[in-house]
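# Secondary and tertiary structure notes
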Amino acid sequence: MGDVILTTPALQALHEKFPAAKFTVIVGPKCADLFESDPLVEKIIVYNKKYTLRELFVFARRLRSERFDAVADMRHTVFPLLIGARRLTTLIRRPRRGTHAVLDHLAKLKFPAARDGRTPAFRIVLPRRAREFQEEIWSDYRFKDNEWVVGVAPHAASSLKMWYPSNFISLMEMMKREFRVRFIIVGGNDAREICDLVKEGYTDALNLVGKTDIPGLAAVISRMDLFITNDSGPMHFASAFGVPTVAVFGPSDPKRYGPFGNRHVIVHKELPCKPCNQAQCPSGKRDCIDLITPAQALEAVRELLPPAR
């Protein structure tokens, strides 16, 4: 999910370069509905990375039959060669070290993506049902005007990227003593166990794990006053909507994969082995994330959240 969100500025840049163009988006099944309401997107083609060689051949033949005028490939695959259309991205390109993924994706385009020093914005168009779902949550949970609504995303794709649930609970309790705040826990079905543990430890929070589709999750995050998260896909939704974000980072490089924009604080530990970008620690430890304390995260919260609503 995070990878898809980080490519949407490239879609916006393509639209600015070719304002009359209609787009077909080729995307994995998890995030296909993220583009369903975008007026630029004429067609969505779902790609399964588990295709057999024969299925890949059939898929490539289908793409060629679409007779595209041009193709922009954010993943450096062989599909641009198979499609037979004008290439708008370079075929082979190494990621630029220390460059954020958003800027790196834009640099793949064969034309200047920024005008007057401006970076094209994230492009996420929410369907009406997602906006209505968010409004129902705010109405049913009865948020008050003098309360901050804070999102908590305790899950991540790798266990090494996950701050312990007890740390999130401690931080939430510390914030409750200092701010007028209400919490919403978010995550997909794969986050259910972790999110349930946080809910058990902080019972007053609203747990939406498994209750939203991708557009619904984006809509809920877009309305929050603050977002506290591991290095995860939902973190990039917060960036896209300009939601102030406290991001807890372990092995990943925050310069490349952290929140994009200036309304965030990255909480991490400087260690000689970072960033390793590994799913499992080669030394068998978790120091890069275990040494981060709730008190350290609270300092980050104070930078972004005024005491009063």
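Here is what the cut-offs are and how they apply
Residues numbered from 1 in each chain as written. Predicted model: local features only at pLDDT ≥ 70, side-chain atom pairs only at ≥ 80, totals over all residues. Heavy atoms only, no water. Pairing = 2+ DSSP bridges. Helix = DSSP H or I, 4+ residues; strand = E, 2+ residues; numbered from the N terminus. Phe/Tyr/Trp six-rings, centres within 6.5 Å; stacked < 30°, edge-to-face > 60°. Buried < 20%, exposed > 50% of the residue type's maximum accessible area, 1.4 Å probe, protein only. Axes fitted to C-alpha atoms, helices over the stretch in contact; angles between N-to-C directions. Parallel < 35°, antiparallel > 145°, perpendicular 65-115°, else oblique. Left-handed = near helix turned anticlockwise from the far one by under 90°. Contact = heavy atoms within 4.5 Å. Nonpolar A, V, L, I, M, F, W, Y, C, P; charged D, E, K, R; others polar. Salt bridge = Lys/Arg side-chain N within 4 Å of Asp/Glu carboxyl O. Right-handed = clockwise from strand over helix to strand, strands pointing away.

### Notes on the sheet that holds strand S9 (residues 245–248)
If you walk across this open sheet you meet the six strands as S7-S6-S5-S8-S9-S10, and the pairing is parallel. Of all strands in the sheet, those bounded by a partner on one side alone are strand S7 (206–207) and strand S10 (264–267).

### Remarks on the packing of aromatic side chains
The geometry of an aromatic ring pair is captured by two quantities: the separation of the ring centres and the angle between the planes. On inspection of all chains with the given rule, the structure shows eleven aromatic pairs. Taken together, a centroid distance of 4.9 Å and an interplanar angle of 75° make the contact between Tyr141 and Phe143 edge-to-face. The class of Tyr141 is buried, set by a relative accessible area of 17%. Look at Phe143 and you get buried, because its relative accessible area is 13%. An aromatic cluster is present here, built from Tyr47, Tyr51, Phe59 and Phe79 joined pairwise through their rings.

### Structural notes on unusual backbone geometry
In this structure, Arg67 is a non-glycine residue whose phi angle is positive, near 55°. Checked against the element boundaries, Arg67 lands in the loop between helix H2 (53–65) and strand S3 (70–71). Overall, the relative accessible area of 73% leaves Arg67 in the exposed class. One non-glycine residue, His76, adopts positive backbone phi at about 55°. With respect to the helices and strands, His76 occurs in the loop between S3 and helix H3 (79–83).

### What to know about the packing of helix H6 (residues 165–178) against helix H12 (residues 294–304)
With their axes 9 Å apart at the nearest point, H6 and H12 run at an angle of 45° to one another. What the angle tells us is that H6 and H12 run oblique. Here H6 and H12 pass one another in a crossing that is right-handed. Residues Asn167, Ser170, Leu171, Met174, Met175 and Glu178 of H6 pack against Pro294, Ala295, Ala297, Leu298, Val301 and Arg302 of H12. Here the residues of the contact of H6 with H12 are counted per class, giving eight nonpolar, two polar and two charged.

### Thoughts on the pattern of salt bridges
Applying the stated criterion to the full structure yields ten salt bridges. Glu147 is paired through a salt bridge with Arg182; the nearest N and O atoms lie 3.2 Å apart. Residue Glu147 is found in the loop between helix H5 (128–141) and strand S5 (148–153), and its partner Arg182 is found in strand S6 (residues 181–185); the two are separated by 35 residues along the sequence. Glu147 sits in the buried class, given a relative accessible area of 8%. The buried category is assigned to Arg182, whose relative accessible area is 12%. Across the pair Arg302 and Glu299 runs a salt bridge whose closest N-O atoms are separated by 2.4 Å.

### Examining the pairing of S6
Counting buried residues along S6, five of its five residues qualify, which places the element largely inside the surrounding structure. Of the two faces of S6, the one carrying Val181, Phe183 and Ile185 and the one carrying Arg182 and Ile184 are both buried. The sheet contact formed by S5 and S6 spans five bridges and is parallel. The residue bridging Val150 from the neighbouring strand is Phe183, located in S6. Once you follow S5 into H6 and on to S6, the crossover reads as right-handed. Sheet topology note: the S6/S7 ladder contains two bridges and is parallel. Each residue of the ladder has a partner; that of Ile185, found in S7, is Asn207. For the crossover from S6 across helix H7 (residues 192–201) to S7, the handedness is right-handed.

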